[in-house]
Amino acid sequence: MRNPLLFALVALAALPLTNVTAEDAIILNSTSEVAALSKDDLKDYYLGRKASWPDGSKVVVVVLKDGTSHDNLMKRLGKSSSQFTTGWKKLVFTGKGAMPEQVDNEDELVTFIAKTPGAIGYADAGKAKDGVKAVAVKSQ
Amino acid sequence: MPLRALLIPSLALLAVPGAVRAADDLGFQIHGFASQGYIRTQGELYEAGSYGRDTNSGTFEFNEFALNVTATPIDRLRIGVQLIAYDLGKYGDDEVGLDWAFGEYQVPVTDWFQFSLVAGRFKTGHGFYNDYRDLDMTRTEVFLPRAAYTTSFRDFFLAANGGQINATIDAAALGSFDVSGFIGTQNVNDADGPIADLFRGGVQTTSVTLPIFFPNVGGATISNELSEVDNLTVDQMNGGYFTWNTPLQGLRLKVSSLYAQHLRLTGTIESTYTDGPQPGDDSLDGRTATSQVVIDGLHWFDVMFGGEYVVDNFVFAAEGSSQYYKAILNSEATQFESADGSVVFPVAAVTQTFTNRTLGAYGSVGYQFADLSGPLSRLSVYSAYNWIRSSSGGSPSIYTRSASVALRYDITDHFLIKGQFERVQRGDPGNGHDYGNVFSLKTTFDF
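Model, not experiment: these values are computed from the prediction. (Residues numbered from 1 in each chain as written. Chains lettered and ligands numbered in written order. Predicted model: local features only at pLDDT ≥ 70, side-chain atom pairs only at ≥ 80, totals over all residues. Heavy atoms only, no water.)

Caption draft 1: Main features of the overall build of chain A. Looking only at helices and strands, chain A features five helices and six strands. Listed by position from the N terminus, the elements making up chain A come as α-β-β-α-β-α-α-β-α-β-β. Expressed as a percentage of its 140 residues, the buried residues of chain A come to 47%. In chain A, once contacts between residues fewer than 6 apart in sequence are set aside, the share between residues at least 24 apart is 70%. (Helix = DSSP H or I, 4+ residues; strand = E, 2+ residues; numbered from the N terminus. Buried < 20%, exposed > 50% of the residue type's maximum accessible area, 1.4 Å probe, protein only. Contact = heavy atoms within 4.5 Å.)

The structure is reproduced here in structure tokens:
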């Protein structure tokens with residue numbers, strides 16, 4: 001592209017698109033000793049199969065009501081949103097789990113995780129702030 | 001106290017923002033649900049008997065209400081209690097009972113081996129769906145498949161009191177395994193409940209009747225019924241399950257069992273002398289006599305096995321069920337007397353052994369229209385086919401077959417309505433078949 005100004009304008013226009021497709025991340029409270037999760041760990045925690053972290057502390061699952069990050073999480077879990085909710089209701093009404101915290105947006109999600117030891121959430125990595133940390137999900 | 005009286009203030013509490021996820025460090029939560037249904041039958045079906053009324057004209061005595069509280073007081077320990085009230089026609093009457101109440105401790109072992117200990121009253125995990133029998137929000141259909149989940153046995157199979165061990169084993173490329181076992185007992189001491197009715201022969205379940213009778217003595221014909229149940233206990237009930245979550249995502253296979261032993265029932269048999277051996281002598285016809293009866297040593301063994309495959313918006317399921325019962329009945333000697341006392345017909349003490357074996361299987365498919373846009377995405381459909389064969393002692397086998405379709409619509413994430421139609425064929429080769437239909441509607445709210 002010969003015209004630097006035109007290049008800059010095109011790059012600027014592409015910026016929102018870049019934000020939308022930014023990589024989502026698993027976000028934990030910063031006091032967590034967990035440095036990385038496997039795909040199976042992710043499913044185990046999010047689907048209520050594991051209720052405790054390796055150090056014995058309680059897992060607090062936080063989810064968005066809807067949105068792109070929520071949809072991406074469901075894809076990672078291999079569940080529809082309805083299947084995800086139904087699975088948790090099965091746990092809650094048989095005494096085998098506590099319903100995930102549900103928040104309206106990613107800012108709320110990150111704020112909740114920052115103040116809640118043991119919390120785990122899924123959001124745009126760019127939303128990370130003090131009090132939380134993003135962890136990698138290993139392929140296995 | 002009706003559970004509705006508890007639910008109303010709880011629902012009011014929900015109006016306070018954040019109340020549900022209250023008190024924080026303890027992980028304290030309150031949840032509940034309320035379901036109201038309507039059922040109507042056509043034909044002579046077991047539903048009519050088990051509901052204790054003529055459901056041919058329809059009834060709204062078909063509901064469940066539950067309220068639970070859970071907390072995590074210390075790391076690795078979860079405690080909780082759920083109260084439930086239900087009405088299934090003559091059963092339940094919305095009396096509040098304990099659905100489950102237990103503590104579960106996660107024992108630290110390794111990352112690939114999760115292990116927990118449970119004490120209290122807990123769900124048995126029998127079959128894929130027994131634990132969720134009351135949870136209409138977890139399925140499309142109103143009734144679970146009758147071939148594996150007989151409504152009348154609800155109280156017997158749903159939960160046990162005792163201790164349970166649960167384990168999850170991560171088997172890497174093989175998937176994972178869930179293993180559970182329990183030792184406990186069961187509260188069935190309800191003289192008006194479905195288990196007592198089972199022995200009365202009053203419950204024409206799809207799978208089991210245990211008729212109690214005196215043999216015809218000296219050519220007389222005597223009919224009998226268990227008129228009173230004084231006591232009904234189960235000393236021990238054990239069980240467990242093994243689930244393989246296969247490497248194929250969404251596919252799991254499960255086998256589970258329940259074994260109840262030393263069930264003991266004491267009660268009274270009322271017998272009616274209907275016809276005597278001597279022509280013209282009707283002095284005893286219609287006369288009644290009572291005797292004490294003890295049914296003891298019941299062994300009840302129930303095994304279920306099956307597979308479930310969840311792929312995209314489909315749920316395919318198939319399960320088989322095998323039940324075996326053996327019971328010994330001892331009744332005291334009694335006698336019939338004519339009205340004026342001049343004729344006496346003695347009946348000796350009776351000891352009888354009953355056995356019953358029932359096999360059942362079903363296949364089902366469910367689909368949720370989640371890929372559609374707008375309100376239609378909240379629609380789901382379901383269909384199942386059931387097959388049951390039951391035989392008692394040397395009696396001919398009774399067959400039941402049924403096909404059902406169901407439709408569910410989720411008005412919100414916590415409020416739904418659904419309906420089901422089931423066509424049932426029941427009978428034996430010697431006496432032909434009865435046909436019947438079951439229509440049911442249900443609405444459920446949960447929080």
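Don't stop here, the text continues.
Caption draft 2: Layout of the overall build of chain B. Check the secondary structure of chain B and you find four helices and 18 strands. Counting the 447 residues in chain B, one finds 49% classified as buried. Taking as baseline every contact in chain B between residues at least 6 positions apart, the subset at least 24 positions apart corresponds to 65%. With the model as given, the accessible surface of chain B reaches about 19000 Å², and the carbon-plus-sulfur share is 59%. (Areas by Shrake-Rupley, 256 points an atom, 1.4 Å probe, with all protein chains shown as cover.)

Caption draft 3: Inspection of the interface of chain B and chain A at higher detail. The interface is formed by 36 residues belonging to chain B together with 28 residues belonging to chain A. Surface buried jointly by chain B and chain A totals about 2700 Å² across both partners, of which 48% is contributed by carbon and sulfur atoms. In this structure, the salt-bridge partner of Asp446 of chain B is Lys89 of chain A, at a minimum N-O distance of 3.0 Å. Connecting chain B to chain A are twelve residue pairs in polar contact (both at pLDDT 80 or more). Looking at the side of chain B that touches chain A, the elements that each hand over two or more residues are β1 (29-42), β2 (62-74), β3 (77-88), β4 (97-110) and β5 (113-123) of chain B. With four residues, β1 of chain B is the largest single contributor of residues to the side of chain B that touches chain A. Looking at the side of chain B that touches chain A residue by residue, the classes come out as nine nonpolar, 14 polar and 13 charged. (Buried area = accessible area lost by both parts, 1.4 Å probe. Salt bridge = Lys/Arg side-chain N within 4 Å of Asp/Glu carboxyl O. Polar contact = N/O pair within 3.5 Å; in protein donor to acceptor, adjacent residues only side chain to side chain. Nonpolar A, V, L, I, M, F, W, Y, C, P; charged D, E, K, R; others polar.)

Caption draft 4: Region of the structure containing the packing of helix α2 (residues 39-46) of chain A against helix α3 (residues 68-77) of chain A. Residue and element names in this part refer to chain A. Where α2 meets α3, the axes come as close as 10 Å, and the angle between the chain directions of the two elements is 110°. One element, α2, and the other, α3, form an angle in the roughly perpendicular class. For the element pair α2 and α3, the recorded crossing hand is left-handed. Here Leu42, Lys43 and Tyr46 of α2 come into contact with α3, specifically with Leu73, Arg76 and Leu77. Of the residues assigned to the contact of α2 with α3, the class counts are four nonpolar, no polar and two charged. (Axes fitted to C-alpha atoms, helices over the stretch in contact; angles between N-to-C directions. Parallel < 35°, antiparallel > 145°, perpendicular 65-115°, else oblique. Left-handed = near helix turned anticlockwise from the far one by under 90°.)

Caption draft 5: Quick peek at the nonpolar core. Ranked by internal contacts, the top residues of the largest apolar core, which has 32 residues, are Phe156, Phe199, Leu232 and Trp300 of chain B. Among the nonpolar cores identified, the runner-up in size contains 31 residues, and Leu37, Met74 and Leu77 of chain A together with Leu416 of chain B belong to it. (Core = buried A, V, L, I, M, F, W, Y, C linked by side-chain atoms within 4.5 Å.)

Caption draft 6: The arrangement of the sheet that holds strand β1 (residues 24-29) of chain A in detail. Residue and element names in this part refer to chain A. Strand order in the open sheet made by the six strands is β2-β6-β1-β5-β3-β4, with mixed pairing throughout. Edge positions in the open sheet fall to β2 (36-38) and β4 (101-103), since each of these has one partner strand only. This sheet shows a mean twist of 35° between the axes of neighbouring strands, independent of strand direction. The pairing of β2 with strand β6 (residues 132-138) spans three bridges and is parallel. Within the sheet, the bridge partner assigned to Ser38 lies in β6 and is Lys138. (Pairing = 2+ DSSP bridges.)

Caption draft 7: Main features of the pairing of strand β12 (residues 334-337) of chain B. All names here are of chain B. Residues Thr334 and Phe336 line the buried face of β12, whereas the alternating positions Gln335 and Glu337 sit on a face that is not buried. Across four bridges, β12 lies against strand β13 (residues 344-347) in antiparallel orientation. Bridged to Thr334 within β13 is Val347.

Caption draft 8: Layout of the pattern of salt bridges. Residues and elements named next belong to chain B. Following the criterion strictly, the structure yields 16 salt bridges over all chains and no others. As a salt-bridge pair, Asp136 and Arg139 come within 3.7 Å of each other at their nearest N and O atoms. By relative accessible area, Asp136 is classed as buried at 0%. Close ionic contact of Arg408 with Asp410 constitutes a salt bridge, the shortest N to O distance being 2.8 Å. Comparing Arg408 with Asp410, the two get one shared label, buried.

Caption draft 9: How the structure looks around the confidence of the model for chain B. Residues and elements named next belong to chain B. Taken residue by residue, chain B gives an average pLDDT of 84. The fraction at 70 or more is 86%. Here residues 13-22 scores under 50 on pLDDT; set against residues more than four positions off or in separate chains, the count is eleven contacts. Segment residues 202-210 is flagged for pLDDT under 50; beyond a separation of four residues in sequence, or across chains, it makes 42 contacts in the model. (pLDDT = per-residue confidence, 0-100.)

Caption draft 10: Spotlight on a nonpolar patch on the surface. Residues Ile411, Phe415, Ile417 and Phe445 of chain B make up a contiguous nonpolar surface patch of about 320 Å² in total accessible area. According to the relative accessible area criterion, Phe415 of chain B is partly exposed, its value standing at 34%. (Patch = residues over 30% accessible without salt bridge, like charges linked within 9 Å, V, L, I, M, F, W, Y side chains within 5 Å.)

Caption draft 11: A look at the side chain of Asp44 of chain A. Among the structural elements, Asp44 of chain A can be located in helix α2. Here Asp44 of chain A falls in the buried class, since its relative accessible area comes to 13%.

Caption draft 12: Molecular detail of a negative patch on the surface. Residues and elements named next belong to chain B. Together, Glu225, Glu228, Asp230 and Glu270 make up a region of like negative charge exposed at the surface. Of the residues forming the negative patch, the biggest block, three residues, is contributed by strand β8 (residues 221-245). Relative to the assigned elements, Asp230 resides in strand β8. Of the residues examined, Asp230 reaches a relative accessible area of 45% and is grouped as partly exposed. (Lys, Arg positive; Asp, Glu negative; His and termini not counted. Charge placed at Lys NZ, Arg CZ, Asp CG, Glu CD.)

Caption draft 13: The arrangement of helix α4 (residues 81-92) of chain A in detail. The terminal C-alpha atoms of α4 of chain A lie 17 Å apart, and with twelve residues this matches the ideal 16 Å at 1.5 Å per residue to within 8%. Turning to α4 of chain A, its buried residues number three or more, namely Gln83, Phe84, Thr86, Trp88, Lys89, Lys90, Leu91 and Val92 of chain A. (Expected span 1.5 Å × (residues − 1).)

Caption draft 14: Expanded view of α2 of chain A. Residues and elements named next belong to chain A. Counting buried residues along α2, six of its eight residues qualify, which places the element largely inside the surrounding structure. Of the residues making up α2, those classed as buried are Asp41, Leu42, Lys43, Asp44, Tyr45 and Tyr46. Turning to α2, the residues buried within the fold contact β1, β2, β3 (60-64), α3, α4 and β5 (119-124). Gly48 sits one or two positions beyond α2 and adopts a positive phi of about 80°.

Caption draft 15: Summary view of unusual backbone geometry. Residue and element names in this part refer to chain B. The phi torsion at Arg76 lies on the positive side, around 75°, for a residue other than glycine. By the secondary structure assignment, Arg76 is in the loop between β2 and β3. One non-glycine residue, His262, lies in the positive phi region at around 60°.

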